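Examination of the molecular architecture
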There are 2 protein chains.
Amino acid sequence: MPTLRFGVNYTPRRGWFHSWHDFDPEHAREDLAQIAGLGLDHIRVFHLWPLLQPNRTLIRATAVDQLVHLVDIAAEFGLDVMVDGVQGHLSSFDFYPEWTRSWHHRNVFTDPEAIEAQARLLRTLGHALADRPNLIGLQLGNELNNLVEHNPVTVEQVDHYLDTLLAAAEEGLREGQSATHSAYDAAWYGDDHPFTPEASARKGDITTVHPWVFSADCARRYGPRSFEVLHLAEYGTELATAYATDPARPVWVQETGAPEPHIPSSDAPDFARATLLNAAECTALWGVTWWCSHDVDRSLADYPELEYTLGLFDSTGRRKPIADALAETVTELRSRTAGPRPRSTALVLDCTPATRSVSGPGGAYFEEWMRLRREGVRPAVVLAEHAKDGSHLSERGVKELVRTP
Amino acid sequence: MPTLRFGVNYTPRRGWFHSWHDFDPEHAREDLAQIAGLGLDHIRVFHLWPLLQPNRTLIRATAVDQLVHLVDIAAEFGLDVMVDGVQGHLSSFDFYPEWTRSWHHRNVFTDPEAIEAQARLLRTLGHALADRPNLIGLQLGNELNNLVEHNPVTVEQVDHYLDTLLAAAEEGLREGQSATHSAYDAAWYGDDHPFTPEASARKGDITTVHPWVFSADCARRYGPRSFEVLHLAEYGTELATAYATDPARPVWVQETGAPEPHIPSSDAPDFARATLLNAAECTALWGVTWWCSHDVDRSLADYPELEYTLGLFDSTGRRKPIADALAETVTELRSRTAGPRPRSTALVLDCTPATRSVSGPGGAYFEEWMRLRREGVRPAVVLAEHAKDGSHLSERGVKELVRTP
């Protein structure tokens, strides 16, 4: 069985991502030493778009060098690194270069020159990073679809954007390195959202999912210790597997975390443990990357309350109980000698882009899947369009199809 | 007579203002040596708001230190410095910190926390800079009213904003240093524009004017070598003097320049010479600060065409003919032993905030003033509300009032 990967989304303890303005290798070293001390094997890192590309035709070599330097520091601690290119969106803040805003407004998804500029940035990052042996790959950017609200876009335009940028990212990368993209949960559950499940599950090398417990009010709806919350990452992984055309395609739980008050801090260790154990019941799982390494310091203003509490370490660098739970669970999962059995029973998902919310928390499909799971069934998800496709089903090991009542 | 001041708005040759990301004292030294070589006595400098204050409660000490460092480098070359705090607007680009945009949208003029944050920034800059003997003062920011389009605001709100920020800027400054603000020409000529002539002429220590030849299509309307264009800075200075309540208040022609194609490059030297000589005919003139030191490099995209041609030096550092004309005229003006005679004849300006465009290029008042000036009258501007105020008129030396037909 392939080794599961466990890591953390790296949020610098001092100054959050604003620390890129004054990148300090010693600070990074201190943070990454803490992360490696948990027994994790990788981090995901984020630079800021306006700092990387302040003018459409100016990519700052210094900023690119900082990224490479951070990847090298990670290597000192045995950590692999996934680099997200275009941020873009981070913790409620949208970082846009000035050449896309105000008098220079451009739609970042549809303006041809804006797309070309982002492609150039990704090509540059790929070429700069690809010779690093600890590079996992290059992701287009963090939850790009958070930018949809201020950059209206159609499904076709999103597909063109993703295809163009993935090709650019791949250009620099080497065999074994991955080009990926990511979206927040609206891609999976949001009716008519222009980022589709198909784009997530079929473009790039790995499907990434960010099954946050606040999406579709999951934790508020079912409760922080509910079966649904504890199996959300597992469910998200199975849902993503259903949309893949390649049955062997891996699914990466790239972001999940324990945001207060959705998950009270006293419940966070159990939540982390259950999330990992349950996700590990999916044959397609690539790994889990926790959000995030360090709490946002409360001296920084204007974050949504939950962003101040998501760290495995607090803003003074103190390790939190959830970090211990995560580390112990990782050790336990690594010691397993066999992966999960394939899922022989599948619940058929029959929805359209306009009705995909049935598959999200509160939706009929979601609730039926959870009911079956609670009864011990371990259901896979099969799309209605594949329900009569014998080779699809047999490749996935699905022997029985169940439908929602 | 007080010595007239002549300087230049400093636009770093390498990387424009994006060079703050990677501030290089040697590059600055090279640029300022060129500027000092023209015999100029001061520069105006601009940092970028998102780099100074990336979070509402985080002012980067490194960025503040860079500004102080630049002021010290200017001192090496005998240059005094005016520092603009909140940019804000520069050459068509609007630089906003992320905590004012997108999901965090705040109106920068009216949101109380956004105002307080800007005040804190100005206090911090004032305290950091005030002990520098070559500091002219602190200006709130470059042409703040360019932000009105995306931050709707009333006259009363602008006044509150300016008063609050000027008080903050003054807090750190010392005797003899000035706190000022600036606006583009809509403040003077724009009907119902919320930045008023009164705010420009009565708030802060010096009235600043930016009489650009493209405002109200002045150069297109009258021609690049027209009397109107060559006397625009003089006119703007007299217009500003009219709105002052203190007859001794100085007026600073803080930005003027020779933008192609409004002023063809072959006409630029004569334009510069005439602009300085004619502005020097105003008793209130504090000085003239040319826009700008260095052309924007054409490797940087998306600037309006005219921004690439405004430098006294081109983007390779070559001195342009306009620089020689400016330097020679400055030398000539400095050698004068007497200032201009007061203007004994004034043309009465009778307009309201909603009709102030009469005083702009194309307006009846503007054209009558130019007609008189062409006839050799050297008219002052007196507001209708002052026309019967004997002490106002006598303090200004005005003996005869003329009215538009």
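What counts, and at which threshold
Residue positions within a chain follow its written sequence, with the count starting from 1. In the order they appear in the text, chains get letters beginning with A and ligands get numbers beginning with 1. Local features in a predicted model are, by the rule used here, given only for residues with pLDDT of at least 70; side-chain atom pairs are given and counted only at 80 or more, and totals for whole chains, interfaces and linings are based on all residues. What fixes the domain bounds is an automatic or database domain assignment. Contact between two residues is assigned whenever their backbone-derived C-beta positions fall within 7 Å. Secondary structure follows DSSP: runs of H or I at least 4 residues long count as helices, runs of E at least 2 residues long count as strands, and numbering of each begins at the N terminus. We call Asp, Glu, Lys and Arg charged. Ala, Val, Leu, Ile, Met, Phe, Trp, Tyr, Cys and Pro are nonpolar, and the rest, Gly among them, are polar. Least-squares fitting of one copy onto the other uses the C-alpha atoms of those residues that reach a pLDDT of at least 70 in both copies. Think of pLDDT as the predictor's per-residue confidence, scored from 0 to 100. Simply put, an axis is a line fit to the C-alpha atoms, just over the touching stretch for a helix, and the angle between two N-to-C directions goes from 0 to 180 degrees. Throughout, the term roughly parallel applies to angles under 35 degrees, roughly antiparallel to angles over 145, roughly perpendicular to angles from 65 to 115, and oblique to all others. Note on convention: the crossing is left-handed when the near helix lies turned anticlockwise from the far helix by less than a right angle, right-handed when the turn is clockwise. Two strands are counted as paired when DSSP detects at least two bridges linking them. Our exposure labels follow a C-beta count within 10 Å of each residue's own C-beta, placed from the backbone: buried means 20 or more other C-beta atoms, exposed means 12 or fewer, and partly exposed covers the counts in between. Seen with the strands pointing away from the viewer, any crossover whose path from the first strand over the helix to the second strand runs clockwise is right-handed. How far a helix is expected to stretch is found by multiplying one less than its residue total by 1.5 Å. Throughout, the arc means the angular range of directions from the helix axis out to the C-beta atoms.

Residue and element names in this part refer to chain A. Taken as a whole, chain A is organised into domain 1 (5-334) and domain 2 (345-403). Each of domain 1 and domain 2 was reduced to a C-alpha centroid, and the two centroids are 27 Å apart. If you look at the interface, domain 1 gives 23 residues, while domain 2 gives 21 residues. Those elements that place two or more of their residues in the side of domain 1 that touches domain 2 are helix 6 (186-189), helix 8 (218-222), helix 9 (227-230) and helix 10 (232-243). No other element matches the six residues that helix 10 contributes to the side of domain 1 that touches domain 2. Here the residues of the side of domain 1 that touches domain 2 are counted per class, giving eleven nonpolar, five polar and seven charged.

The transformation that overlays chain A on chain B combines an axial shift of 0.0 Å with a rotation of 180 degrees, and the residual RMSD is 0.0 Å. When the rotation and shift are considered jointly, the pair of chain copies conforms to a two-fold rotation axis. Closest approach to the rotation axis among the C-alpha atoms of chain A is made by histidine 21 of chain A, whose C-alpha sits 3.6 Å away. Both copies contact each other with a shared surface, as 100% of the interface residues of chain A are interface residues in chain B too.

Chain-level pLDDT for chain A is 97 on average; 100% of the residues reach the 70-or-more range. Quick note on the complex model: pTM equals 0.97, ipTM equals 0.96.

Our next topic: the interface of chain A and chain B. On the side of chain B, 27 residues touch chain A, which itself brings 27 residues to the contact. When residues of the side of chain A that touches chain B are traced back to their parent elements, those giving at least two are helix 2 (49-52) and strand 5 (93-94) of chain A. A breakdown of the residues in the side of chain A that touches chain B according to their chemical character gives ten nonpolar, ten polar and seven charged.

It is worth spelling out the packing of helix 4 (residues 112-129) of chain A against helix 5 (residues 155-172) of chain A at this point. Residues and elements named next belong to chain A. Orientation of helix 4 relative to helix 5, taken along the N-to-C sense of each, is 25 degrees, at an axis distance of 6 Å. As summarised for this structure, helix 4 and helix 5 are arranged roughly parallel, according to the angle between their axes. Of the two possible hands of crossing, helix 4 and helix 5 adopt the one that is right-handed. Between helix 4 and helix 5, the contacting residues are Ile115, Gln118, Ala119, Leu122, Arg123, Gly126 and His127 on the first element and Tyr161, Thr164, Leu165, Ala168, Ala169, Glu171 and Gly172 on the second. Along the lines of polarity and charge, the residues of the contact of helix 4 with helix 5 split into seven nonpolar, five polar and two charged.

Residue and element names in this part refer to chain B. Strand order in the open sheet made by the three strands is 12-11-13, with parallel pairing throughout. The sheet is open, and its two borders are formed by strand 12 (380-383) and strand 13 (400-403), each paired with just one other strand. Between one strand axis and the next, the sheet turns by 40 degrees as a mean value, whatever way the strands run. Helix 10 (residues 232-243) contacts strand 11 (345-349) and strand 12 of the sheet and is inclined by roughly 30 degrees relative to strand 12.

Cis rather than trans, the peptide bond between glutamine 87 of chain B and glycine 88 of chain B has omega equal to 20 degrees. Locating glycine 88 of chain B in the fold gives a position in the loop between strand 3 (80-84) and strand 4 (89-90). The backbone of serine 92 of chain A sits at a positive phi, close to 85 degrees, despite the residue not being glycine. Residue position: serine 92 of chain A is located in the loop between strand 4 (89-90) and strand 5. On the neighbour-count criterion, serine 92 of chain A (16 C-beta atoms within 10 Å) is partly exposed. Not every positive phi belongs to a glycine, and aspartate 302 of chain B is a case in point at roughly 80 degrees. Along the chain, the position of aspartate 302 of chain B falls in the loop between strand 10 (285-291) and helix 12 (321-334).

Our focus in this paragraph is the packing of helix 10 of chain B against helix 11 (residues 268-279) of chain B. Residues and elements named next belong to chain B. Where helix 10 meets helix 11, the closest approach of the two axes is 7 Å, and the angle between their N-to-C directions is 30 degrees. When the axes of helix 10 and helix 11 are compared, the pair comes out roughly parallel. Considering how the two elements wind past one another, helix 10 and helix 11 form a crossing that is right-handed. Judged by residue contacts, Ala233, Glu234 and Thr237 of helix 10 engage Thr275, Asn278 and Ala279 from helix 11. Among the residues making up the contact of helix 10 with helix 11, the classes are represented as two nonpolar, three polar and one charged.

What follows concerns the sheet that holds strand 13 (residues 400-403) of chain A. All names here are of chain A. One open sheet holds the three strands; their spatial order is 12-11-13, and the pairing between them is parallel. Bordering the open sheet on either side are strand 12 (380-383) and strand 13, each of which pairs with just one other strand. Taken pair by pair, the neighbouring strands of this sheet meet at an average axis angle of 40 degrees, ignoring direction. The sheet contact formed by strand 11 (residues 345-349) and strand 13 spans four bridges and is parallel. Of the residues in strand 13, the one forming a bridge with threonine 345 is glutamate 400. Where helix 10 meets the sheet, its contacts fall on strand 11 and strand 12, and the angle it forms with strand 12 comes to roughly 30 degrees.

Looking now at the pairing of strand 12 of chain B. Residue and element names in this part refer to chain B. Bridge count for strand 11 against strand 12 is four bridges, and the pairing is parallel. Bridge pairing in strand 12 places valine 348 opposite valine 382. You can see the chain leave strand 11, run along helix 13 (residues 364-374) and come back into strand 12, and the turn it takes is right-handed.

The next thing to look at is helix 3 (residues 61-76) of chain B. Residue and element names in this part refer to chain B. If you check helix 3, its first and last C-alpha atoms are 23 Å apart, about what 16 residues at 1.5 Å a residue would give, namely 22 Å. Those residues of helix 3 that fall on the buried side of the exposure criterion are Ala63, Leu67, Leu70, Val71 and Ala74. Considered in projection along helix 3, the buried side chains sweep an arc of 100 degrees and stay on one side of the axis. Set apart from the buried face of helix 3 by more than 90 degrees, the exposed residues are Ala61, Thr62, Asp65 and Glu76. Residues of helix 3 that are buried sit in contact with helix 1 (25-36), strand 2 (42-46), helix 2 (49-52), strand 3, helix 4 (112-129) and strand 6 (135-139). Once helix 3 ends, the next one or two residues include glycine 78, with phi positive near 70 degrees.

Turning to the environment of alanine 301 of chain B, a few remarks are in order. Examined against the element boundaries, alanine 301 of chain B turns out to sit in the loop between strand 10 and helix 12. On a C-alpha basis, the gap between alanine 301 of chain B and proline 264 of chain B in space is 22 Å, while along the polypeptide they are 37 residues apart. In this structure alanine 301 of chain B touches Asn55, Arg56 and Thr57 of chain A, once residues within four positions along its chain are discounted.

Residues and elements named next belong to chain B. Taking 1.5 Å of rise per residue, the twelve residues of helix 11 would be expected to cover 16 Å, and the 16 Å separating its terminal C-alpha atoms lies within 8% of that figure. For helix 11, every residue scored as buried is listed here: Ala268, Phe271, Ala272, Ala274, Thr275, Leu276 and Ala279. Residues of helix 11 that are buried in the fold lie against helix 9 (227-230), helix 10, strand 9 (251-256), strand 10 and helix 12.

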